[in-house]
Amino acid sequence: MKQLSLNKFVRLKRKSLKKTQKEMSEKSGVGIRFIRELERGKKTLKMDKVNQVLDLFGYELGPIETTRNNEES
């Protein structure tokens, strides 16, 4: 099963709840700019703020196994 990227996951969840970015910002306690950056896939975000947003959907950040082309020693 293919994993969704964080930005796509957040955008899909927000839209499924019929909320605007501004509404998500207000409900989660983070700035509108943060929501926009999160949904655009910015590579550097504060994990605590990401968790504030994910908490609205009943989720939190966690480790995901990656696949690598090189064998580990």
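Conventions and cut-offs
Residues numbered from 1 in each chain as written. Predicted model: local features only at pLDDT ≥ 70, side-chain atom pairs only at ≥ 80, totals over all residues. Heavy atoms only, no water. Helix = DSSP H or I, 4+ residues; strand = E, 2+ residues; numbered from the N terminus. Buried < 20%, exposed > 50% of the residue type's maximum accessible area, 1.4 Å probe, protein only. 1 Å grid on protein atoms, 1.4 Å probe; cavity = no way out; pocket = protein on both sides within 12 Å on 5 of 7 lines; lining within 4 Å. Points joined across faces, edges and corners; volume = space filled by probe spheres on them. Nonpolar A, V, L, I, M, F, W, Y, C, P; charged D, E, K, R; others polar.

As for unusual backbone geometry
A positive phi angle, close to 55°, is found at Lys18, a residue other than glycine. The topology assignment puts Lys18 in the loop between α1 (6-16) and α2 (21-28). Classification of Lys18 by relative accessible area gives exposed; the value is 72%.

Section: the layout of surface pockets
In this structure, the largest pocket encloses a volume near 430 Å³. Lining the largest pocket are 14 residues, and of these Gln3, Leu4, Leu6, Phe9 and Ile64 lie nearest its centre. Of the residues belonging to the lining of the largest pocket, the class tally is nine nonpolar, three polar and two charged. Size it by volume and the second largest pocket reaches roughly 230 Å³. Contributions of two or more residues to the lining of the second largest pocket are made by α1 and α4 (47-55). Of the residues contributing to the lining of the second largest pocket, the split by class is six nonpolar, four polar and two charged.

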